[in-house]
Amino acid sequence: MALGLLALPLQAQESNATHWVSDSLTTYVRSGPTDGYRIVGTLTAGEPVTLLETSGSYSRVQNVDGNSVWVLSNELQDTPSAQVRLPELEQQVAELSAELEGINEEWESRTASMREALESREARIAELEAHNGELDAESEQSRQTIRQLQARLDTQEEDLLMRYFMYGGGVAGAGLLVGLIVPHLPRRRRKRDRWF
């Protein structure tokens, strides 16, 4: 046992870093760095301790009360215990939940305004489509009226042309008749003026 104690300073490594007892256990602590030393107490899971030195598989630590004991190195961890981190994590969860709630409210507000805008645009589109349908119907009615008027105009032009032909034919026929009759009419004889 004395030889083991003499070898300790050669293997020991000094350190003043804070470590935490592993969350998964309540560990026994000893008065020396081997299983041969007697158990002098326990450390609670998550309890912060200051690492003083390491020897073999044991580390000498000091707890918050200032007691220095040896504990298995694999029962220490470099990160704070869940008990220490839990309030901070709960605070972060609360902050994230509040932020998420705000995001949800903002998103719902944006979605509602987008829905209103979409409904307004859809109503406007329906109104324009109805108006466009009315204009198409009026346009078709106007085209039909124009076709009817064009047909009447064409008929009137044909009638007028036929009248001109008939009138011109009548005048030409009358002129021809006069031209044929006039030469056959008896002529009046002129009286001869006699001076003697």
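Residues numbered from 1 in each chain as written. Predicted model: local features only at pLDDT ≥ 70, side-chain atom pairs only at ≥ 80, totals over all residues. Heavy atoms only, no water.

> Mind laying out the overall build of the protein chain, listing which residues take part and the relevant values?
Looking only at helices and strands, the protein chain has two helices and eight strands in total. Reading the protein chain from its N end, one meets helices and strands in the order α-β-β-β-β-β-β-β-β-α. Sorting the 196 residues of the protein chain into buried and exposed places 16% on the buried side. Across the protein chain, every contact between residues at least 6 apart in sequence was considered, and the portion connecting residues at least 24 apart equals 50%. Summed over its atoms, the accessible surface of the protein chain is roughly 16200 Å², and 56% of this surface lies on carbon and sulfur atoms. (Helix = DSSP H or I, 4+ residues; strand = E, 2+ residues; numbered from the N terminus. Buried < 20%, exposed > 50% of the residue type's maximum accessible area, 1.4 Å probe, protein only. Contact = heavy atoms within 4.5 Å. Areas by Shrake-Rupley, 256 points an atom, 1.4 Å probe, with all protein chains shown as cover.)

> Break down the nonpolar core for me, with residues and values.
Counting eight residues, the largest nonpolar core consists of Val29, Leu43, Val49, Leu51, Val61, Val69, Val71 and Leu76. Only β5 (48-55) and β7 (68-72) provide two or more residues apiece to this core. (Core = buried A, V, L, I, M, F, W, Y, C linked by side-chain atoms within 4.5 Å.)

> Could you give an account of a nonpolar patch on the surface, naming the residues involved and the relevant values?
Judged by side-chain polarity, Leu176, Leu177, Val178, Leu180, Ile181, Val182 and Leu185 come together as a nonpolar surface patch covering roughly 660 Å² of accessible area. Mapping Leu180 onto the fold places it in helix α2 (residues 82-181). (Patch = residues over 30% accessible without salt bridge, like charges linked within 9 Å, V, L, I, M, F, W, Y side chains within 5 Å. Salt bridge = Lys/Arg side-chain N within 4 Å of Asp/Glu carboxyl O.)

> Can you tell me about the pattern of salt bridges, naming the residues and giving the values?
Counted under the stated rule, the structure contains five salt bridges. With its nearest N and O atoms 2.6 Å apart, the salt bridge here joins Glu53 to Arg60. Two residues, Glu140 and Arg147, come together in a salt bridge whose shortest N-O distance is 3.6 Å. Look at Arg147 and you get partly exposed, because its relative accessible area is 48%. Taken together, the shared-partner salt bridges connect Glu140, Arg143 and Arg147 into one network.

> Tell me about the confidence of the model for the protein chain, and please be specific about residues and values.
Within the protein chain, residue pLDDT values average 80, and 82% of them lie at 70 or more. Per-residue pLDDT, averaged within each element of the protein chain, yields its smallest value for helix α1 (residues 2-11) (38) and its largest for strand β6 (residues 58-62) (92). In this model, residues 1-10 is a region of pLDDT below 50 whose contacts with residues beyond four sequence positions or in other chains number five contacts. (pLDDT = per-residue confidence, 0-100.)

> Tell me about the pairing of β6, and name the residues and values.
Consecutive residues of a regular strand have side chains that alternate between opposite faces of the sheet. Summarising the sheet, β5 and β6 pair through five bridges and their orientation is antiparallel. Residue pairing across strands places Ser55 opposite Tyr58, the latter belonging to β6. Between β5 and β6, which pair antiparallel and follow one another directly, the connecting turn spans two residues, one of which, Gly56, has a positive phi of 60 degrees. Here β6 pairs with β7 via five bridges, running antiparallel. Bridging from a neighbouring strand, Ser59 pairs with Val71 of β7. (Pairing = 2+ DSSP bridges.)

> Describe a negative patch on the surface, listing the residues and the values that go with them.
On the surface, a cluster of negative charge is contributed by Asp154, Glu157, Glu158 and Asp159. Within the element layout of this structure, Asp154 appears in helix α2. On the accessibility criterion, Asp154 (33% relative accessible area) is partly exposed. (Lys, Arg positive; Asp, Glu negative; His and termini not counted. Charge placed at Lys NZ, Arg CZ, Asp CG, Glu CD.)

> Help me get a handle on the environment of Ser97, residues and values and all.
Tracing the chain through its elements places Ser97 in helix α2. A residue is classified by how much of its surface remains accessible, and Ser97, at 42% relative accessible area, is partly exposed. Only 2.7 Å separates the side chain of Ser97 from the backbone oxygen of Val93, close enough to count as a polar contact. (Polar contact = N/O pair within 3.5 Å; in protein donor to acceptor, adjacent residues only side chain to side chain.)

> Can you tell me about the environment of Gln77, naming the residues and giving the values?
Here Gln77 is to be found in strand β8 (residues 76-77). For Gln77, a relative accessible area of 19% translates into the label buried. When the C-alpha positions of Gln77 and His19 are compared, they lie 5.9 Å apart, and in sequence the two are 58 residues distant.

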